[in-house]
Structure formats: structure tokens, C-alpha cells
Amino acid sequence: MRKLAIIVLLSLVVVGLIYSQAKPGGIARQVSMGGSMTNSNLVLNPFIIDDPALLLLNPAYQGIYNDYLWSNIAGGRIEGNSSNDNGYGNQNAGVAFSVADAFAVGLIMSYDPTSVNSLQNLLQSYPQYQRSSQTVPQIYNVWELVGSYKLSSMTLGLGLMYGWSNRTDDYKYTSPISTQKNERYASLLSVRVGAIMGISDDLSLDFSGHLRLGSATDKITRTPEVTGNGGEYEASGTEMLLYARAKMKVSDKFNFVPYGMFGFGSAEPKEKTQPTGLTKATAKLEYSTSVYALGIGGEYKTQNFYFAGGLSFQHYAQETDRKRPGGASDTLKNTWIYTGLPVINLGGEWWLTEWLSGRIGYFRSIGSYNYKNEYPNYTYESNQSYEHSWLIIGGLNPSSYDGIVTLGVGFKFGGFALDATVSEEALRRGLGLIGSNNGINTFGYLTASYNFAE
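Residues numbered from 1 in each chain as written. Predicted model: local features only at pLDDT ≥ 70, side-chain atom pairs only at ≥ 80, totals over all residues. Heavy atoms only, no water.

**Student:** I'd like a description of the side chain of Gln 134, backed by residues and values.
**Tutor:** Tracing the sequence through the fold places Gln 134 in the loop between α3 (119–124) and β6 (141–150). With a relative accessible area of 9%, Gln 134 lands in the buried category. Within the structure, the side chain of Gln 134 is placed 2.5 Å from the side chain of Asp 218, a separation counted as a polar contact. Residues within four places of Gln 134 in sequence aside, it is in contact with Gln 124, Asn 182, Glu 183, Arg 184, Asp 218, Lys 219 and Ile 220. (Helix = DSSP H or I, 4+ residues; strand = E, 2+ residues; numbered from the N terminus. Buried < 20%, exposed > 50% of the residue type's maximum accessible area, 1.4 Å probe, protein only. Polar contact = N/O pair within 3.5 Å; in protein donor to acceptor, adjacent residues only side chain to side chain. Contact = heavy atoms within 4.5 Å.)

See below:
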């Protein structure tokens with residue numbers, strides 16, 4: 001019986017290798033090949049042209065990864081216990097189906113690229129809250145419907161995302177008779193558009209644009225009204241991102257890859273309805289961000305080896321402007337600017353066998369930041385070099401690492417693929433899943449996928 005099981009297993013492996021249709025990749029591959037935070041907590045090596053992770057940036061990539069199921073199982077740490085890194089914000093999944101020769105429809109579940117949940121903290125920072133603030137529940141329900149359509153030399157993509165959260169508490173009192181309703185809710189609406197264009201045999205472009213709208217509300221209604229009670233506070237935010245890349249063929253082995261990105265966001269809390277018996281608040285709190293990046297690099301391919309890497313210039317600015325008339329201590333303008341030059345993304349991948357690949361990556365951002373506080377009666381400013389790898393996924397402390405080298409592996413059998421980052425400790429003490437006695441993981445971030453195209 002054991003011999004029969006072994007024969008069956010080996011037969012399945014051989015058949016899977018012969019008829020392999022897997023399309024490996026995803027966040028785990030990106031992390032292990034020099035990926036870094038780009039925007040919206042998405043880790044990418046911007047010089048890797050083809051990868052299913054790009055579907056989270058440009059919906060047109062669904063035209064390449066249709067009839068496709070994927071899941072970021074997460075984990076995330078390069079070393080140490082990763083169980084605390086699972087869950088919302090790290091784990092997400094998606095599926096796409098071809099419903100016609102050129103049209104595909106898909107669904108992305110639990111992937112939230114926005115900063116909408118930070119609106120709660122911004123709302124509570126409003127300098128003229130005239131009653132105790134309520135905690136707005138974070139948005140955990142996020143769904144995106146994605147469609148793609150292939151033309152002769154172009155693929156178009158569209159994504160529509162919605163997310164929400166809410167909590168309502170009703171109080172009914174009999175002596176004296178009164179009622180109170182406490183409401184807090186948040187919502188997210190996002191539209192993504194993208195395209196992949198083949199200009200010629202030697203040139204192709206891909207570009208995308210995102211518009212995201214978020215809101216958070218804190219509302220109390222009391223009957224009969226009580227002075228200082230009730231009122232409604234609201235924070236709203238807008239985010240926009242534009243991203244473009246080109247692939248220019250230089251030779252049969254090398255493609256030149258430049259890219260550019262620009263994005264901005266703004267948010268503002270306000271007192272929509274003042275509590276009963278109070279004067280409407282006149283304070284203002286305005287928050288804004290801007291980011292842009294330019295990079296040049298390329299990808300090099302042979303039959304069994306792939307390399308992608310390059311250099312970038314990245315700039316991020318964040319500004320908070322708080323004004324409360326008549327209160328000098330509550331008037332403050334805060335500015336934080338980070339500039340990275342150069343930002344280095346390097347990644348190599350080679351297939352050791354038909355079903356096993358090895359990966360290695362390097363990322364580093366050599367940068368500086370400027371921090372400035374402006375009060376009515378004085379100004380404080382600080383400038384400092386800041387050499388570190390801003391890679392939060394991986395459980396690494398961004399302030400104590402000036403570079404990061406990552407390792408990864410990829411497996412594929414038939415249409416199934418599993419990609420993972422690998423702890424460097426595994427090379428010293430063996431595979432943890434077989435019998436190590438420490439808490440260091442063998443595999444960190446995991447991405448699984450299945451290509452069920454015929």
C-alpha cells in the first residue's frame with residue numbers, strides 16, 4: 001500500500017511538471033526580490049514587469065491573470081514569530097474568471113490600500129471637540145469588483161471598491177423619560193482605472209489612476225435635548241494616485257524600465273452640528289500629503305535566470321495645519337518631509353528545478369528628513385540624514401536597519417504555486433517545520449495561487 005501511494009504521488013508530481021500552468025508571484029515574491037513600500041502599504045519592486053501583485057496597483061493586469069485564484073496568507077516576518085502579523089491588513093485574496101474571449105471579471109477581498117482608518121485619529125484630534133469623542137470602528141469589510149477587457153493592442157481595467165463599518169447604541173430611560181442614540185460609522189469608496197498598451201514590438205506602457213474617498217462620523221442624538229450633549233462630528237478624506245511605467249526592449253535579454261508616480265491626499269475633521277446649547281465651533285484642522293517618485297532600471301532574462309532592479313528618487317511630504325481662533329497654544333503648523341536618493345531595489349530569481357525557484361533581494365533607501373513645527377511665537381526645525389530600509393512588512397524596525405537582504409523560494413505543481421520569504425536563520429539551523437527547537441520561522445510571508453485556465 002505504501003509503495004502504491006509513493007507511485008501515485010510521484011506520478012502526480014511528474015504530470016504536474018509536464019502540464020504546469022502555474023503563474024507564480026505575489027507579495028511574497030516581491031518582498032524576497034528587493035520589494036519596498038511604494039504606496040498604500042503595497043510592497044513592490046517597481047522594475048519587475050510581470051507579477052500578479054501588480055493587479056493590486058493596476059486593474060488591467062487582471063487581463064493577464066484571469067481564470068486565476070490567489071491569496072496572501074501573510075505571516076510577514078523575515079525572522080521571529082509571525083503569528084501576530086496575520087489578519088486584516090496583511091491577509092487578502094482574490095479570484096478572476098474569463099466570461100468571454102476578451103472580458104474577465106474578478107473580486108478582491110479584504111485588501112484596503114487607503115488610509116481611511118486613520119481618519120478616526122484625525123477626527124479625535126479636532127481642536128474644538130465640545131463633548132467627549134466616541135471611537136469610530138475601523139473598516140474591516142472591504143470588497144472590490146474588478147473588470148478587464150482586451151483589445152488588439154491594449155488591455156483596459158476598472159476597479160470599484162467599497163468598505164464600511166458602523167456601531168449604534170440606543171439608550172431608553174423611564175425616569176425621567178428620555179432616549180439617546182450614539183452612532184459612529186465610516187465608509188470608503190474607491191475607483192481605479194488602468195491600461196496596458198503595446199505601442200510596438202519593442203515598447204509597451206502600463207499606467208493606472210486611483211481615486212479614494214473616505215469618511216468617519218461621530219454622532220449623538222438625545223431626546224429631550226440636554227445642554228452640552230448631542231452633536232455630530234465628521235472627518236472626510238480624499239486620496240489620488242497616478243502611476244506609469246514603460247518597458248523598452250534593448251536586446252533579447254534586457255528591457256529598460258523607467259517609472260513615475262505622483263499622489264496626494266487631504267483630510268479635514270469638522271463639527272457638522274454643535275452640541276445642544278453651544279456655539280458652533282470655529283476651529284480648523286487640515287491634513288495633507290503628497291508623494292512622487294521617478295526611477296530607472298531594467299529586467300534581464302535568460303532561460304533559467306531573471307533579474308530586475310534599478311535606482312529611484314522618492315519624495316514624501318506630510319503637513320498638518322491646526323488653527324483655533326483665540327488660542328495661540330492650539331495654533332500649530334507641522335511639516336514632515338522625507339527624501340530618498342537613491343532608493344535601491346534589486347532582485348534575482350532562478351529556477352533550480354522545474355518546480356522549485358530560489359530568490360534573493362536587496363533594498364535600501366538612502367534619505368533625509370526635515371521636521372518643522374511653526375507656532376505663533378516660535379518655530380522649531382530639524383534636518384537629519386536617515387539611512388534605513390523603510391520595509392514594515394517583515395517585522396523589522398525601520399529605524400535600526402540601513403539595508404535588508406531577503407531570501408525566498410517558489411514552488412509550482414500543475415496550476416498551483418506557493419511563494420514564500422525564507423528566514424536567513426534557516427540556512428544556519430535547518431528547517432524549522434521539521435524540528436527546530438526555537439521560535440524562528442522557516443517561511444515568513446506566504447502567497448498561494450492557482451491558475452485554472454484551460
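**Student:** Quick one: what's the story with the pairing of strand β11 (residues 254–273), residue by residue and with numbers?
**Tutor:** Strand direction decides the pairing type here: strand β10 (residues 231–249) and β11, joined by 16 bridges, are antiparallel. Bridged to Arg 245 within β11 is Tyr 259. Linking β10 back to β11 in an antiparallel pair, the connection comprises four residues. One ladder, built from 14 bridges, connects β11 with strand β12 (residues 284–301); its direction is antiparallel. Residue pairing for β12: Met 261 is matched across the bridge by Ala 293. (Pairing = 2+ DSSP bridges.)

**Student:** Can you tell me about the pairing of strand β15 (residues 356–374), naming the residues and giving the values?
**Tutor:** As paired strands, strand β14 (residues 332–351) and β15 are joined by 17 bridges and run antiparallel to one another. In the sheet register, Thr 339 faces β15, and the bridge partner there is Ser 368. Counted along the chain from β14 to the antiparallel partner β15, the turn is four residues long. Strand direction decides the pairing type here: β15 and strand β17 (residues 404–413), joined by eight bridges, are antiparallel. When the sheet's bridge partners are listed, Ser 357 is paired in β17 with Gly 410.

**Student:** Which residues make up the pattern of salt bridges, and what values do they have?
**Tutor:** Side chains that differ in sign of charge can pair as their charged atoms come close. The tally for this structure, following the rule as stated, stands at twelve salt bridges. The partner of Arg 29 in a salt bridge is Asp 51, with the nearest N and O atoms 2.7 Å apart. One end of the pair, Arg 29, is in helix α2 (residues 27–32); the other, Asp 51, is in the loop between β2 (42–44) and β3 (68–74), and 22 residues separate them in sequence. By relative accessible area, which is 0% here, Asp 51 ends up buried. Notably, a salt bridge pairs Lys 333 with Glu 319, separated by 3.9 Å at the nearest N-O pair. Placement of Lys 333 in strand β14 and of Glu 319 in strand β13 (residues 305–323) is noted, with a sequence separation of 14 residues between them. Put simply, Arg 29, Asp 51, Glu 349, Arg 359 and Asp 419 are held in one network by salt bridges that share partners. (Salt bridge = Lys/Arg side-chain N within 4 Å of Asp/Glu carboxyl O.)

**Student:** Summarise the packing of aromatic side chains; cite the residues concerned and give the values.
**Tutor:** In the structure shown here, the tally under the stated rule is 18 aromatic pairs. Ring centres 6.5 Å apart and planes at 5 degrees place the aromatic pair Tyr 171 and Tyr 173 in the stacked group. Look at Tyr 171 and you get partly exposed, because its relative accessible area is 36%. A centroid spacing of 6.1 Å and a plane angle of 20 degrees characterise the contact between Trp 336 and Tyr 369, whose relative ring orientation is stacked. With a gap of 33 residues between them, Trp 336 in strand β14 and Tyr 369 in strand β15 connect regions that are remote in the sequence. On the basis of relative accessibility, which here comes to 23%, the residue Trp 336 falls in the partly exposed class. Exposure remark for Tyr 369: the relative accessible area of 16% places this residue in the buried category. One aromatic cluster is present, formed by Tyr 316, Trp 336, Tyr 338 and Tyr 369 through successive ring pairs. (Phe/Tyr/Trp six-rings, centres within 6.5 Å; stacked < 30°, edge-to-face > 60°.)

**Student:** Provide a residue-level description of the confidence of the model for the protein, including the pertinent values.
**Tutor:** For the protein, mean pLDDT is 85; residues scoring 70 or higher make up 82% of the total. For the stretch residues 1–19, pLDDT sits under 50, and the model shows seven contacts to residues farther than four places along the chain or on other chains. Here residues 393–401 scores under 50 on pLDDT; set against residues more than four positions off or in separate chains, the count is 24 contacts. (pLDDT = per-residue confidence, 0-100.)

**Student:** Before we move on, can you summarise unusual backbone geometry with the specific residues and values?
**Tutor:** The phi torsion of most residues other than glycine is negative, and most of the peptide bonds are trans. Going from Thr 223 to Pro 224, the amide bond is cis rather than trans, its omega being -5 degrees. With respect to the helices, strands and loops of the structure, Pro 224 is situated in the loop between β9 (203–223) and β10. Residues Leu 341 and Pro 342 are joined by a peptide bond in cis, for which omega reads -5 degrees. By the secondary structure assignment, Pro 342 is in strand β14. Positive phi values are uncommon outside glycine, yet Ser 110 reaches one of about 70 degrees. Among the secondary structure elements, Ser 110 is positioned in the loop between β5 (103–109) and α3.

**Student:** Tell me what's going on with the environment of Arg 359, and back it up with residues and numbers.
**Tutor:** In this fold, Arg 359 is placed in strand β15. Note on Arg 359: relative accessible area 2%, which makes it buried. With 49 residues separating them in the primary sequence, Arg 359 and Gly 408 have C-alpha atoms 4.7 Å apart. From its side chain, Arg 359 meets the backbone oxygen of Val 409 in a polar contact 3.3 Å long.

**Student:** Lay out the environment of Phe 264 with the relevant residues and their values.
**Tutor:** Its location among the elements puts Phe 264 in strand β11. Here Phe 264 falls in the partly exposed class, since its relative accessible area comes to 37%. For the pair Phe 264 and Tyr 316, spaced 52 residues apart in sequence, the C-alpha to C-alpha distance is 9.5 Å.

**Student:** I'd like to hear about the environment of Thr 320, residue by residue, with values.
**Tutor:** Structurally, the position occupied by Thr 320 is in strand β13. Sequence separation between Thr 320 and Leu 285 is 35 residues; the distance between their C-alpha atoms is 7.2 Å. Setting aside its immediate chain neighbours within four residues, Thr 320 contacts Leu 285, Glu 286, Tyr 287, Leu 332, Lys 333 and Asn 334.

**Student:** Explain the side chain of Glu 239 to me, using residue names and the numbers behind them.
**Tutor:** Inspection of the secondary structure assignment puts Glu 239 in strand β10. Looking at Glu 239, its side chain comes within polar contact range of the main-chain nitrogen of Ser 115, at 3.2 Å. Beyond its immediate sequence surroundings of up to four residues, Glu 239 is in contact with Thr 114, Ser 115, Val 116, His 210, Leu 211, Arg 212, Phe 264 and Gly 265.

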